[in-house]
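# Chains, contacts and geometry: an overview
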Amino acid sequence: MTRRWRHGVLCLGLLAGASMGCGGLLGEEGEDDALFSVEGTLVSAESLDDARREKLRVALHWEHWPEATAECMKTITTLKDYNKCLRLSPSSAYSRQGVDVKVKGRFPNTFDMPVRKLPEPGLLNGDEGAKFGLAYVLAYVDGNGNGRLDPVSRTATSSPDEVIGHQEGYTLDALVYHYVVYREGALHPFYNAMFPQCPEPPQGYSLVSYRYKEDPALPPGQTYFDGCDVDSGRVKIDLFIELDGRFRGYVCEHNTSALRTQVRAATATPPPSGSETYCRNFSFNIQEPALYVNRHPERYCVSANTEVYTLRDYWDGTWDDRATPPAWWPCATSTVP
């Protein structure tokens with residue numbers, strides 16, 4: 001059984017510092033031969049209104065880690081290790097950079113994205129002789145018509161663009177997870193840390209695919225690892241369109257739930273009036289109630305503006321107030337060790 005949590009946190013976009021390589025869905029084509037091509041189907045595209053259809057584009061969404069975090073991640077074995085590595089660097093260190101990717105399409109149901117350029121140096125982790133990059137394929141509505149997926153700040157109250165589609169494998173119960181990876185030189189240790197069950201990728205662009213299967217002999221919802229494939233050249237990925245706002249964070253400069261501020265509820269005052277609050281488990285891995293507080297519900301980037309009030313220090317274990325929650329605490333409490 002492989003470590004499924006690795007792919008759960010990646011598919012949910014918990015890593016910050018994403019860079020967008022963007023291109024039009026309709027009729028744009030570069031002059032050079034493709035280094036890598038992604039084709040697929042736009043699933044549920046028929047639910048789009050005409051205004052969105054006309055401005056729909058496809059983008060490569062690159063993940064980039066500060067070097068301190070990337071170095072730490074070379075040896076991770078647990079989700080706790082992963083979270084500690086993320087916290088070695090401030091959210092501001094997960095920078096964004098843009099790179100153009102020309103795209104042609106057979107809209108409204110399919111797309112064809114030939115990648116004709118090498119990633120810019122700022123998109124890759126590693127040193128000369130061993131560099132590594134990872135990206136997702138997204139669909140977005142280019143609201144301002146400038147041909148780019150424009151990042152917005154933490155304090156922005158609106159976004160010119162709207163991400164409405166993600167390659168298959170974006171939920172925790174998915175049966176396949178895809179990642180576009182780029183290798184330059186020797187294999188970077190980060191690849192083996194995140195994809196320990198996968199074959200070694202060739203130089204250049206590849207598609208890594210983790211597959212899982214349901215087993216009737218297992219409890220409902222339980223799956224088993226069914227293998228990992230690495231393909232290059234021309235690959236296929238379906239893009240799923242969702243209009244419920246679940247992908248909106250991909251336009252935000254600080255798009256990481258793992259770096260949300262954790263507040264010790266027992267020593268804090270109640271959230272200020274006007275805050276948006278709700279109780280939810282701390283994470284899919286830690287099934288204990290926490291209070292999520294967004295002091296600025298008017299802002300566009302919800303995750304980046306949300307703090308997590310807890311009764312226990314989940315990172316370092318330095319305090320545990322579950323036996324004596326504050327009088328204003330609205331969530332359930334847990335005494336599980």
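Structural data are supplied above this passage.
Below you will find a few notes about this structure. What you see is a predicted model; the values in this text were computed from it and never measured. (Residues numbered from 1 in each chain as written. Predicted model: local features only at pLDDT ≥ 70, side-chain atom pairs only at ≥ 80, totals over all residues. Heavy atoms only, no water.)

### Structural notes on the packing of aromatic side chains
For the coordinates displayed, the defined rule picks out 21 aromatic pairs. Consider the rings of Trp62 and Tyr205, whose centres lie 6.4 Å apart with planes at 55°: the pair is tilted. Remark: Tyr205 occurs in strand 11 (residues 204-214) and Trp62 occurs in strand 3 (residues 56-63); sequence separation between them is 143 residues. Judged on exposure class, the residue Trp62 and its partner Tyr205 are both buried. Grouping aromatic residues by their ring pairs yields a cluster made of Trp65, Phe132, Tyr136, Tyr177, Tyr179, Phe190, Tyr191, Phe195, Tyr210, Tyr212 and Phe225. Lying across the ring of Tyr292, Arg280 places its NZ or CZ 4.5 Å from the centre. (Phe/Tyr/Trp six-rings, centres within 6.5 Å; stacked < 30°, edge-to-face > 60°. Helix = DSSP H or I, 4+ residues; strand = E, 2+ residues; numbered from the N terminus. Buried < 20%, exposed > 50% of the residue type's maximum accessible area, 1.4 Å probe, protein only. Lys NZ or Arg CZ within 6 Å of the ring centre and 35° of its normal.)

### Digging into the environment of Tyr210
Within the secondary structure layout, Tyr210 lies in strand 11. Spatially, the C-alpha atoms of Tyr210 and Tyr177 are 5.1 Å apart, while their sequence positions differ by 33 residues. From its side chain, Tyr210 meets the backbone nitrogen of Gln197 in a polar contact 3.2 Å long. (Polar contact = N/O pair within 3.5 Å; in protein donor to acceptor, adjacent residues only side chain to side chain.)

### Points about the state of the cysteines
Within this structure, the stated rule accounts for four disulfides. Across a sulfur-sulfur distance of 2.0 Å, Cys72 and Cys85 are joined as a disulfide pair. One quick way to see it: the torsion about the S-S bond of Cys72 and Cys85 is about -70°, and its sign makes the bridge left-handed. Of this pair, Cys72 sits in helix 3 (residues 67-72) while Cys85 sits in helix 4 (residues 79-86), and the two are 13 residues apart along the sequence. According to the relative accessible area criterion, Cys72 is partly exposed, its value standing at 25%. Residue class for Cys85 comes out buried when judged on its relative accessible area of 1%. (Disulfide = S-S within 2.5 Å.)

### Some thoughts on the sheet that holds strand 17 (residues 289-294)
One open sheet holds the four strands; their spatial order is 15-18-17-16, and the pairing between them is mixed. For this open sheet the edge positions go to strand 15 (262-264) and strand 16 (276-281), each flanked by a neighbour on one side alone. Neighbouring strand axes in the sheet, compared pairwise and without regard to direction, differ in orientation by 30° on average. (Pairing = 2+ DSSP bridges. Axes fitted to C-alpha atoms, helices over the stretch in contact; angles between N-to-C directions.)

### Looking at the nonpolar core
Grouped together as the largest cluster of nonpolar side chains are 26 residues, with contacts concentrated most on Phe36, Val38, Leu60, Trp62, Phe111, Val137 and Val180. Mapped onto this core, the elements with two or more residues apiece are strand 2 (36-43), strand 3, strand 6 (110-115), strand 8 (130-141), strand 10 (176-185), strand 11 and strand 14 (239-241). Residues within four places of Phe36 in sequence aside, it is in contact with Met113, Pro114, Val115, Val180, Tyr205, Ser206, Leu207, Asp231, Ser232, Gly233 and Val235. Ile76, Leu86, Tyr177 and Met194 belong to the second largest nonpolar core, which has 24 residues in total. (Core = buried A, V, L, I, M, F, W, Y, C linked by side-chain atoms within 4.5 Å. Contact = heavy atoms within 4.5 Å.)

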